[in-house]
Amino acid sequence: MSRPSNFPPPFSTAGYVTEPTDPADERIEVGVLVVGAGPAGLACAIRLGQLFEEHPDVAERLGDVPVALLEKGKQPGSHLLSGAVVDPRALRRLFGDRLRMDELPSFGPVPAESVYVLTRSAALPIPPPPPMRNHGNWIFSLSQLGRFLAERAEEAGAMILPETAAQKLLVSHGRVVGVRTGDKGRSREGGELGNFEAGSDIVAKVTVLAEGTQGHLTGVALDRFALHGEDPQVWELGVKEVWKVAKPLDRVIHTMGWPLRTGKRYREFGGSFIYPMGKNMVTIGLVVGLDYRDASLSVHDLLQELKTHPKIRRILAGGERVAWGAKTIPSGGFHSLPSRLHAPGLLLCGDGAGMVNIPRLKGVHYAIESGRLAAEAAFRALQRGETPASALSSYDDAVRDSYIWEDLYEVRNMRQVFGRGFFVGGALASAMTMSKGRVELGKMRAEPDADQPLLVTDRDAGYPAPDGQLTFDKLSSVFASGNKTRDDQPNHIRIERRVPREVAQLWAHMCPAQVYEVGAEEGDGTVLVDVAPSNCVQCGAITAKGGRLTPPEGGSGPEYTLT
Amino acid sequence: MSTLVFLEHHGNELQQGALGVLGKAASLGDGEVGAVIAGEGARALAAEAGTFGAAKVWACEDAEVAQPLPQPRVDVLAQVVEEGGYDTVLFANSVLAADVAAGLAARLDAGLNWDLTDVALRGGDLVGKRPALQDSVYAEVGWTSTPRLALFRAGSFDATAAAGGGQPEIADISASYREHSTAVQLEGQDAEESSGPSIEDADIIVAGGRGLGSSDNFTLAEELAKALGGAVGATRAVVDAGWYPYSAQIGQTGKTVSPKLYVALGVSGAIQHKVGMQSSGTIVAINKDANAPIFEFSDLGVVGDLHEIVPKLTELVRQRRG
Amino acid sequence: MKIAVCVKHVPEGPGRIDPSTKRLDRSGEGALNHFDANAVEEALRLKGDSNTEVVAVSLGPQKALDSLRKALAMGADRAVLVSDDAAGGSDLVATSRLLAAALEKEEADLVLFGQQASDADGAVLWAAVAERLRRPVVSQAMELSVEGGSVRVKRQTEFGYDTLEAPLPAVVAVSDAINEPRYPSLKGIMGAKKKPQDVLSLGDLGVDAGEAGEAGSRTTVLALGDPPARADARKIEGDGNAAQAIVDFLAEKRLV
């Protein structure tokens, strides 16, 4: 049986590490360089702004641009997507007395909640398992929160540079000294178009990688500085839609079961979330672990199928889909965290470092908290003017002392137990949380998602035909993501194009944006995979399942505003 | 209502679009319709304007309007509107007419609604129809004062001789020109210098999609386009596949077109393609997949094998066009 | 020399009309109208290394500063935004009045426009502005040069190519075929924030509130509706007669 990992992509992280190449007087110099305008990076920039306000002398020493923040999306928020029911503790801590929760762009606290186990036609309510209880948490559009935080970061003095991809890690004498940004204006074949604009070296005293899931340079740094955790990282893929609805939803809903299959051999771990966004909008999403085996599984189409469930159809009745998006979620948990969260000149934050609590379906607050702690560590080093390799180690200590560490430790084996099948896994997971992690199940080895041997079923035959009202095809969904990527740019996706048919099928079904298609037979039992890179919404699933996503030209990809 | 129509001419031909607007104005049947023809040979065209419904033709052959430039025509129209007491001025869109209409709007502080596809009288008020947001919304627009100016999308009305059209009254007019109106000089003119219309300008586009099956089969689209006198377009999928150059790509990340006729060969009709061509006048689709979304916005949908149908179609079009 | 480039801040993504105001919803994110990027590029190309000043001018909500900053990041020297609550909902007559008032103050030798607004599909504003400024205007420019106090333009019309010349000061609208707009460099983006950005109210322009916005407009949106279904949509099976059926259909529509 094929495993996607047997067909590795033509890619090496070593190609993305370089010494600065621009002449010294042309390099852009900044104090702290943050990569990624998500909750982690923006919290880092905001906290640095607060600290510099208290200590202007430190900011002054850093030159014209004490804090710069790179964002590959069109603008902050363009690539942000989450549920999102957010634990407010990190936001409260970040803003302290400066902002109240109700001054943030949220849809208010969680009003009530329900959990259902679905079958094709029925919905059985169950009491919410402890990790799924959301009392006291707030509902957000992460994209909107990102834009709000970006405004705060700019007010705090950060220079945000959108439409800019961090392409290479600048390393000099074993120390990270910044990043090189991506070129713009290249043709599909890689040639320079009339408006070609070469990337730049941005050099910084401290570089903070807050790239989110499947961070490109985070992956490069993990290899370069040998920071990989005990277990390999694994991911889940979430696909979600935002709907305008006729009648308000009065609670947050989670579902388990259908349309996922419970048979152990399928390894289908996941569930759905349905959250109200104010009175007239609802978000609905489906999350599935990427360790699944069935090459015909499509999370995009399972979400379409989910919406045909009578219970859910009623919620959406008379409504209209207004947004769509997809993203992976790192789900390896505690054992997959990097061995260290710093390297000389470098700090790792948030989802990129795998700080997600899968049983609680939460990570935004860890991202914010880790960004805040990274800011404090960077500030301490800058204040002392320190440059030794260990200058940033206080960040690791701070994270270990924080609730991030405590929470992730508590649920450390949760992800693995689901490999034993849905019901067994569910029972064990419940036992684990109720005992606050004291029940030792014996750590189970997590294999990379791409190592799972494939099987092929005919489940794709059951996906509903798109009707353009309730159910949609992938290209319509890509359109709803706001993606209008320039087509004639180089392909940013690395895959082995000649693979066994089931691997090609896996990628074609897996990708929610219809980037891959099964192409021509090659005569030796393999097929050629056709790639339409401009459809890509940069969810990162391909990296989990045997390929590698690299950043396309800055400004490409989805333009999320509601997700 | 007293309506004036700007009649553009090229050489000794009145433009069909403008005659269509004139016919529409006459068919509203509320008051007499006047027309303005400005430029060389204006007077000689007046009679033809009469057959399309103009009761009175204002002809201006001043040297200042010999060149096809907008600003002196603003002077002429401003004067005719005043002398003739017109409360409504209609234009058929063109490079020239759009600039005349907007200049006149500023001169008279008059409301201009543009990109209209139709107009009607409702309770004595003029109401325009205007597609917006890539034709996904149709707005009804009005005017809050007179004169009312309207610029119609090309091809909105067929030019048909008006019932009861006849010999119009002809008024020669000579305008006084403002200094800035005559400042632009035409230094040279070249006739169309291309091997066929570009897809942005073409009245007819034959677009090929993945249903063509291969790069070689694009000759089917090219042959049909040649027979129809149109240009060839392509979907993103086939451009991605390298079957056709990016410059021919129609859609969200390619060109936006609105030809009079759009023939889609093996085009599925994904939303990314649709937004680039949905404002086309008439859409004909040939596709073997009866469920292809393109059929939801085609005027004529043909479910069948384009490899059989298109060569025959090309031959029939050739025969017809001699 | 001084070149003023008029740019518009247009909503991002699929547009939406607010049913209550019947105006385009401009509350969401916006961006520089991409057709105007061609005008900015052309101004910067004309500027080259000379001491020509390029001023980007816009009319819109406060957020339109984002689009002006994009023009500054590309290389424009200064930005002027006319922004006033009373200016919302301005039609062509009112918009051209406000823009002309702002341009009067600039006294630029050359005023450039892009070929259309991607949100409202408007492609007429330059002619109205030129009329108010009493300046010569040329639209659809696909080649442009400035020499000896005049501007020389090659442009495309329905009938071929014209070469036109106009004395400065003049107004020119460029087509999107004229150039390929540059990407702002990172240094350009970082420098943009420090460049002068003036926000002017109606009062600053000396324009009465009654002459702007809906009060100063002469057109109105009466109603919004769905597009008509393709009136006589037909679907036929492609049997042996399909080609003939298509020709008959085209003949009936007078398309062949």
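Residues numbered from 1 in each chain as written. Chains lettered and ligands numbered in written order. Predicted model: local features only at pLDDT ≥ 70, side-chain atom pairs only at ≥ 80, totals over all residues.

Chemist: I keep staring at the overall build of chain B and nothing clicks. Help me out?
Modeler: Looking only at helices and strands, one finds 8 helices and 18 strands in chain B. In terms of C-alpha radius of gyration, chain B reaches 22 Å, essentially the compact-globule figure of 20 Å for 322 residues. If one aligns the C-alpha atoms of chain B with their principal axes, the spans along those axes are about 65 × 45 × 35 Å. Among the 322 residues that make up chain B, the fraction classed as buried is 58%. (Helix = DSSP H or I, 4+ residues; strand = E, 2+ residues; numbered from the N terminus. Rg over C-alpha atoms; globule rule 2.2 N^0.38 Å. Buried ≥ 20, exposed ≤ 12 C-beta atoms within 10 Å, placed from the backbone.)

Chemist: For this particular structure, what's the right way to read the interface of chain B and chain C?
Modeler: One widely used convention gives an interface's size as the accessible area the parts lose upon coming together. Counting residues at the interface gives 72 residues for chain B, matched by 61 residues for chain C. Sort the elements by how many residues they give to the side of chain B that touches chain C and helix α4 (residues 95-108) of chain B lands first, with 9 residues. Of the residues contributing to the side of chain B that touches chain C, the split by class is 37 nonpolar, 18 polar and 17 charged. The pairing of strand β10 (residues 137-143) of chain B with strand β14 (residues 219-225) of chain C spans 6 bridges and is classified as antiparallel. Following the sheet pairing, Val 141 of chain B is matched in β14 of chain C by Val 221 of chain C. (Contact = placed C-beta atoms within 7 Å. Nonpolar A, V, L, I, M, F, W, Y, C, P; charged D, E, K, R; others polar. Pairing = 2+ DSSP bridges.)

Chemist: What should I look at first to understand the pairing of strand β19 (residues 320-330) of chain A in this one?
Modeler: One face of the sheet, then the other: side chains in a regular strand alternate in exactly this way. All names here are of chain A. Within β19, 9 of the 11 residues are buried, which leaves the element mostly enclosed by the surrounding structure. Bridging between strand β15 (residues 235-244) and β19 involves 10 bridges; their strand directions are antiparallel. Counted as the bridge partner of Glu 241 is Trp 324 from β19.

Chemist: Is there a simple way to think about the pairing of strand β10 (residues 150-157) of chain C in this case?
Modeler: Residues and elements named next belong to chain C. As paired elements, strand β9 (residues 137-147) and β10 share 6 bridges and run antiparallel to each other. Bridge pairing links Ser 145 to Arg 152 in β10. A loop of 2 residues connects β9 with β10, the two strands running antiparallel in sequence, and Gly 148 in this loop sits at a positive phi of about 50 degrees. Remark: 2 residues form the turn of the hairpin made by β10 and strand β11 (residues 160-167), two consecutive strands paired antiparallel.

Chemist: What is the right way to read the interface of chain C and chain A from this model?
Modeler: Tallying the contact residues gives 13 residues for chain C and 17 residues for chain A. When its residues are assigned to classes, the side of chain C that touches chain A shows 5 nonpolar, 3 polar and 5 charged.

Chemist: Honestly, the nonpolar core in this entry has me stumped. Any pointers?
Modeler: Side chains that are nonpolar tend, in soluble globular proteins, to be buried together. Counting residues in hydrophobic clusters, the biggest one holds 306 residues, and the most contacted among them are Leu 22 of chain B together with Val 5 of chain C. For Val 5 of chain C, the contacting residues outside a window of four places in its chain are Ala 39, Val 40, Ala 43, Val 54, Ala 56, Val 57, Ala 71, Ala 76 and Leu 112 of chain C. (Core = buried A, V, L, I, M, F, W, Y, C linked by C-beta atoms within 7 Å.)

Chemist: What's the story with helix α2 (residues 65-74) of chain C in this structure? I'm lost.
Modeler: Structural remark: α-helix, 3.6 residues per turn; residues separated by three or four positions point the same way. Residues and elements named next belong to chain C. A large share of α2 lies buried, amounting to 8 of its 10 residues. Buried within α2 are the following residues: Ser 67, Leu 68, Arg 69, Lys 70, Ala 71, Leu 72, Ala 73 and Met 74. Trailing α2 by a residue or two, Gly 75 shows a phi angle of about 140 degrees, which is positive.

Chemist: Which parts of the structure should I look at to understand the packing of helix α8 (residues 364-384) of chain A against helix α9 (residues 393-400) of chain A?
Modeler: Each pair of packed helices can be described by the angle between their axes along with the distance between the axes. Residues and elements named next belong to chain A. In contact at an axis separation of 8 Å, α8 and α9 are set at 145 degrees when each is read in the N-to-C sense. The hand of the α8/α9 crossing is right-handed. Where α8 approaches α9, its residues Ser 370, Leu 373, Ala 374, Glu 376, Ala 377 and Arg 380 are matched on the opposing element by Ser 394, Tyr 395, Ala 398 and Val 399. Split by residue class, the contact of α8 with α9 holds 6 nonpolar, 2 polar and 2 charged. (Axes fitted to C-alpha atoms, helices over the stretch in contact; angles between N-to-C directions. Left-handed = near helix turned anticlockwise from the far one by under 90°.)

Chemist: Just to check I follow, could you spell out the sheet that holds β15 of chain A for this structure?
Modeler: Backbone-to-backbone hydrogen bonds pair the strands of a sheet. The strands run either parallel or antiparallel. Residue and element names in this part refer to chain A. An order of β7-β6-β16-β17-β18-β15-β19 is seen for the 7 strands of this open sheet, with the pairing classed as mixed. Pairing within the sheet leaves two strands with one partner each, and these edge strands are β7 (123-126) and β19. Each strand axis lies, on average, 20 degrees off the axis of its neighbour in the sheet, ignoring direction. Along the sheet, helix α6 (residues 299-306) contacts β15, β17 (270-277) and β18 (281-289); its crossing angle with β18, the most-contacted strand, is approximately 130 degrees.

Chemist: Is there a simple way to think about the confidence of the model for chain A in this case?
Modeler: As a general rule, the predicted coordinates of low-pLDDT regions are not to be interpreted in detail. Chain-level pLDDT for chain A is 93 on average; 94% of the residues reach the 70-or-more range. Within the model, pLDDT remains below 50 along residues 419-424 of chain A, and this stretch shows 8 contacts once partners closer than five positions in the same chain are excluded. (pLDDT = per-residue confidence, 0-100.)

Chemist: What am I meant to see in α4 of chain B here?
Modeler: Residue and element names in this part refer to chain B. With 14 residues, α4 should reach 20 Å at 1.5 Å per residue; the first-to-last C-alpha distance of 21 Å fits that figure. Among the 14 residues of α4, 12 are classified as buried, and the element is accordingly described as predominantly covered. Among all positions in α4, only Leu 96, Ala 97, Ala 98, Asp 99, Val 100, Ala 101, Ala 102, Gly 103, Leu 104, Ala 105, Ala 106 and Leu 108 are buried. One or two residues past the end of α4 sits Asp 109, with phi positive at roughly 50 degrees. (Expected span 1.5 Å × (residues − 1).)

Chemist: What exactly am I supposed to notice about the sheet that holds strand β18 (residues 300-303) of chain B here?
Modeler: If you trace the 6 strands from one edge of the open sheet to the other, you get β15(B)-β14(B)-β16(B)-β17(B)-β18(B)-β15(C), paired in parallel fashion. Of all the strands in the sheet, just β15 (231-234) of chain B together with β15 (234-237) of chain C have a single pairing partner and so form its edges. Within the sheet, the average angular offset between the axes of one strand and its neighbour, ignoring direction, is 20 degrees. Relative to strand β17 (residues 282-287) of chain B, strand β16 (residues 261-265) of chain B runs parallel, the two being bridged by 5 bridges. The residue of β17 of chain B that forms the bridge with Leu 265 of chain B is Ile 286 of chain B. Where helix α8 (residues 306-321) of chain B meets the sheet, it contacts β16, β17 and β18 of chain B, and its direction lies at approximately 135 degrees from that of β17 of chain B.

Chemist: Which parts of the structure should I look at to understand the packing of helix α1 (residues 39-54) of chain A against α8 of chain A?
Modeler: Residues and elements named next belong to chain A. Contact pair α1 / α8: the axes reach a minimum separation of 7 Å and the direction vectors enclose 40 degrees. Relative to α8, the element α1 lies oblique. As for the relative orientation of α1 and α8, their crossing is right-handed in sense. Every residue of α8 that contacts α1 at Pro 39, Ala 40, Gly 41, Ala 43, Cys 44, Arg 47, Leu 48 and Leu 51 is listed here: Val 364, Ala 367, Ile 368, Ser 370, Gly 371, Arg 372, Ala 374, Ala 375, Glu 376, Ala 378 and Phe 379. Looking at the contact of α1 with α8 residue by residue, the class counts come to 13 nonpolar, 3 polar and 3 charged. (Parallel < 35°, antiparallel > 145°, perpendicular 65-115°, else oblique.)

Chemist: Before we go on, may I ask you to explain unusual backbone geometry in this structure?
Modeler: For the bond running from Trp 258 of chain A to Pro 259 of chain A, omega is 5 degrees, close enough to zero to count as cis. Relative to the assigned elements, Pro 259 of chain A resides in the loop between β16 (252-257) and β17. With an omega dihedral of -5 degrees, the bond running from Thr 146 of chain B to Pro 147 of chain B counts as a cis peptide bond. Along the chain, Pro 147 of chain B turns up in the loop between β10 and β11 (148-152). One non-glycine residue, Asp 115 of chain B, adopts positive backbone phi at about 60 degrees. Topologically, Asp 115 of chain B is positioned in strand β7 (residues 111-116). According to the C-beta neighbour criterion, Asp 115 of chain B is buried, with 26 such atoms within 10 Å. With a phi angle near 50 degrees, Glu 107 of chain C is a residue other than glycine that sits in the positive phi range.

Chemist: What's the story with the environment of Gly 85 of chain B in this structure? I'm lost.
Modeler: Relative to the elements of secondary structure, Gly 85 of chain B occurs in the loop between α3 (70-84) and β6 (88-92). When the C-alpha positions of Gly 85 of chain B and Ser 2 of chain B are compared, they lie 7.5 Å apart, and in sequence the two are 83 residues distant.

Chemist: What is the right way to read the environment of Asn 113 of chain B from this model?
Modeler: Relative to the helices and strands, Asn 113 of chain B resides in strand β7. Once the C-alpha coordinates of Asn 113 of chain B and Ala 101 of chain B are considered, the two residues, 12 residues apart in sequence, prove to be 9.6 Å apart. Sequence-distant contacts of Asn 113 of chain B, defined by excluding residues within four places in its chain, comprise Gly 128, Arg 130, Val 141 and Ala 150 of chain B together with Thr 219 of chain C.

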